[in-house]
Amino acid sequence: MAEPAPARRDEAVLFALPPLPYAAGALAPVLSAETLEIHHGRHHARYVETLNRLLAEQNFSAHRLEEVVRIALGCGAKGLFDNAAQAWNHAFFWESMSAAPSAPAGALGAAITAGFGGLDALGRRFVAEGTGHFGSGWVWLIAKRDRLEVISTHDAGSPIVEDGVTPLLACDVWEHAYYIDHRQDRAGWLTAWWTTLANWRFAERQYAAALGRGEPWRYPAPR
């Protein structure tokens, strides 16, 4: 992959920390306000801050964060990749949750039934994947065109680096994501997340995009 194009210092790409799409206490008791304030306001904010510093230091020019993630991986810029991917993953994670319980419907609901036998079976697969992932990372429901898969990625790994893959939902299995509320019980965290917080309206829009019916979610454009 080509090296990133140089940019003038006054053209530095600056990404903002997206606000949470709900109040900090809206996801309690599965996620407390304390967890969200620390996770979003400190962990996520630090990734964005470091990302912007590295972009300026490396004279890196890119139009969207998705592009930064892919180019940084391709040219071996590990620090830049880690912070860019974590900024993206976290923003997607916030969108993957909702305070309003829902269930998948329409084309996504049909795909879940066809691929997994139903939502309960998919939930067991999702929880098992995240629980079995050694160390820090993420568990994802993704679409490869119309076919659904459950995968996990390690550390900052993200499915957006793969062609033809559209993430539908993501849950954070870094320990800081759940330790305040669930201690070391990762399986309990994932089960509560899946049954209570998964944002199926968002996942339906993402699946429609995977089928070519609209655009997938993207990180807010740089200033």
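Cut-offs and rules
The residue count restarts for each chain, going from 1 along the sequence in the order it is written. Given that this is a predicted model, residues contribute local features only at a pLDDT of at least 70 and side-chain atom pairs are listed and counted only at 80 or more, while totals for whole chains, interfaces and linings are drawn from all residues. In computing side-chain properties, one takes all heavy atoms of the structure into account and sets aside hydrogens as well as water. Only DSSP runs of H or I reaching four residues or more are called helices, and only runs of E reaching two or more are called strands; each is numbered from the N terminus. Atoms counted for the radius of gyration: C-alpha only. Globule rule: 2.2 Å times residue count to the power 0.38. Relative accessibility thresholds used throughout: buried, under 20% of the residue-type maximum; exposed, over 50%; partly exposed, between the two (1.4 Å probe, protein chains only). Residue contacts are counted whenever heavy atoms from the two residues lie within 4.5 Å of one another. All accessibility values rest on the Shrake-Rupley procedure with a 1.4 Å probe; residue burial counts only the protein chains present in the view. The charged-residue count follows a simple rule in which Lys and Arg add positive charge and Asp and Glu add negative charge, with His and chain termini not counted at all. All charge positions are set by atom: Lys at NZ, Arg at CZ, Asp at CG, Glu at CD. Here the aromatic set is Phe, Tyr and Trp, taking the six-membered ring for Trp, and pairing holds for ring centres within 6.5 Å; pairs whose planes are under 30 degrees apart are stacked, those over 60 apart are edge-to-face, and all others are tilted. Every residue is assigned a pLDDT by the predictor, reflecting its confidence on a scale from 0 to 100. Definition of nonpolar core: a set of buried residues of the types Ala, Val, Leu, Ile, Met, Phe, Trp, Tyr and Cys, connected through side-chain atoms within 4.5 Å. Salt bridges are defined by distance alone: a side-chain nitrogen of Lys or Arg within 4 Å of a carboxyl oxygen of Asp or Glu. We call two strands paired when DSSP finds no fewer than two bridges between them. Simply put, an axis is a line fit to the C-alpha atoms, just over the touching stretch for a helix, and the angle between two N-to-C directions goes from 0 to 180 degrees.

(A) Local environment of the overall build of the chain. Within the chain one finds eight helices and three strands. Computed over its C-alpha atoms, the radius of gyration of the chain comes to 17 Å, within 12% of the 17 Å expected for a compact globule of 223 residues. Projected onto its principal axes, the C-alpha coordinates of the chain cover approximately 50 × 40 × 30 Å. For the chain, the proportion of its 223 residues judged to be buried stands at 49%. Partitioning the intrachain contacts of the chain with sequence separation of at least 6 by distance along the chain shows that 70% fall at a separation of at least 24. Accessible surface, the chain as shown: approximately 10200 Å² in total, 52% of it carbon and sulfur. If the 20 positive side-chain charges of the chain are averaged to one point and the 24 negative ones to another, these points end up 2 Å apart.

(B) A look at the packing of aromatic side chains. Counting across every chain of the model gives 14 aromatic pairs. Relative to tryptophan 140, the ring of tryptophan 138 lies with its centre 6.1 Å away and its plane at 40°, an arrangement referred to as tilted. Given the relative accessible area of 0%, tryptophan 140 is considered buried. What links up through ring pairs into an aromatic cluster is the set Phe15, Trp88, Phe92, Phe93, Trp94, Trp138, Trp140, Phe202, Trp217 and Tyr219.

(C) Broad picture of the confidence of the model for the chain. Here the chain averages 94 in pLDDT, and 94% of its residues register 70 or above. Note on residues 1–11: pLDDT is under 50 here. Beyond four places in sequence and across chains, it has 19 contacts.

(D) Broad picture of the nonpolar core. In terms of nonpolar packing, the biggest core is built from 71 residues, with Leu65, Val68, Trp193 and Trp200 touching the most fellow members. Residue contributions to this core peak at ten residues, all from helix α3 (residues 78–95). Residues contacting tryptophan 193, with those up to four places away along its chain left out, are Val30, Phe93, Ser96, Met97, Phe126, Leu169, Ala170, Cys171 and Ala198.

(E) Geometry of the pattern of salt bridges. Within the structure shown, the criterion is met by seven salt bridges. Arginine 53 is the partner of glutamate 57 in a salt bridge, and the nearest nitrogen-oxygen pair spans 3.2 Å. You can see glutamate 57 and its partner arginine 53 sitting in helix α1 (residues 33–57), four residues apart, about one turn around the helix. On the accessibility criterion, glutamate 57 (47% relative accessible area) is partly exposed. Here aspartate 82 ties to lysine 78 by a salt bridge, and the two come within 2.7 Å at their closest N and O atoms. Here the residue aspartate 82 and the residue lysine 78 both occupy positions in helix α3, the gap between them amounting to four residues, near one helical turn.

(F) Highlighting the environment of alanine 23. Relative to the assigned elements, alanine 23 resides in the segment before α1. Given the relative accessible area of 52%, alanine 23 is considered exposed. Alanine 23 sits 13 residues away from leucine 36 along the chain, and the two C-alpha atoms are 9.3 Å apart.

(G) Geometry of unusual backbone geometry. Look at the link from alanine 28 to proline 29: it is a cis peptide, with omega at 5°. Checked against the element boundaries, proline 29 lands in the segment before α1. If you check the backbone angles, asparagine 59 has positive phi at about 50° while not being a glycine. In this structure, asparagine 59 sits in the loop between α1 and α2 (65–74). Among the residues examined, asparagine 59 registers a relative accessible area of 29% and is labelled partly exposed. Even without being a glycine, aspartate 155 presents a positive backbone phi close to 50°. According to the relative accessible area criterion, aspartate 155 is partly exposed, its value standing at 35%.

(H) Representation of the sheet that holds strand β1 (residues 137–144) in the model. The strand order across the open sheet formed by three strands is β2-β1-β3, and the pairing between neighbours is antiparallel. Each edge of the open sheet is held by one strand with a lone partner, namely β2 (147–154) and β3 (165–172). Neighbour-to-neighbour, the strand axes of the sheet open up by a mean angle of 25°, direction not taken into account. Across seven bridges, the pairing between β1 and β3 is antiparallel. The residue of β3 that forms the bridge with alanine 143 is threonine 166. Along the sheet, helix α4 (residues 106–116) makes contact with β2 and β3, crossing β2 at roughly 80°. The sheet contacts of helix α8 (residues 200–210) involve β1, β2 and β3, and relative to β3 the element is tilted by about 155°.

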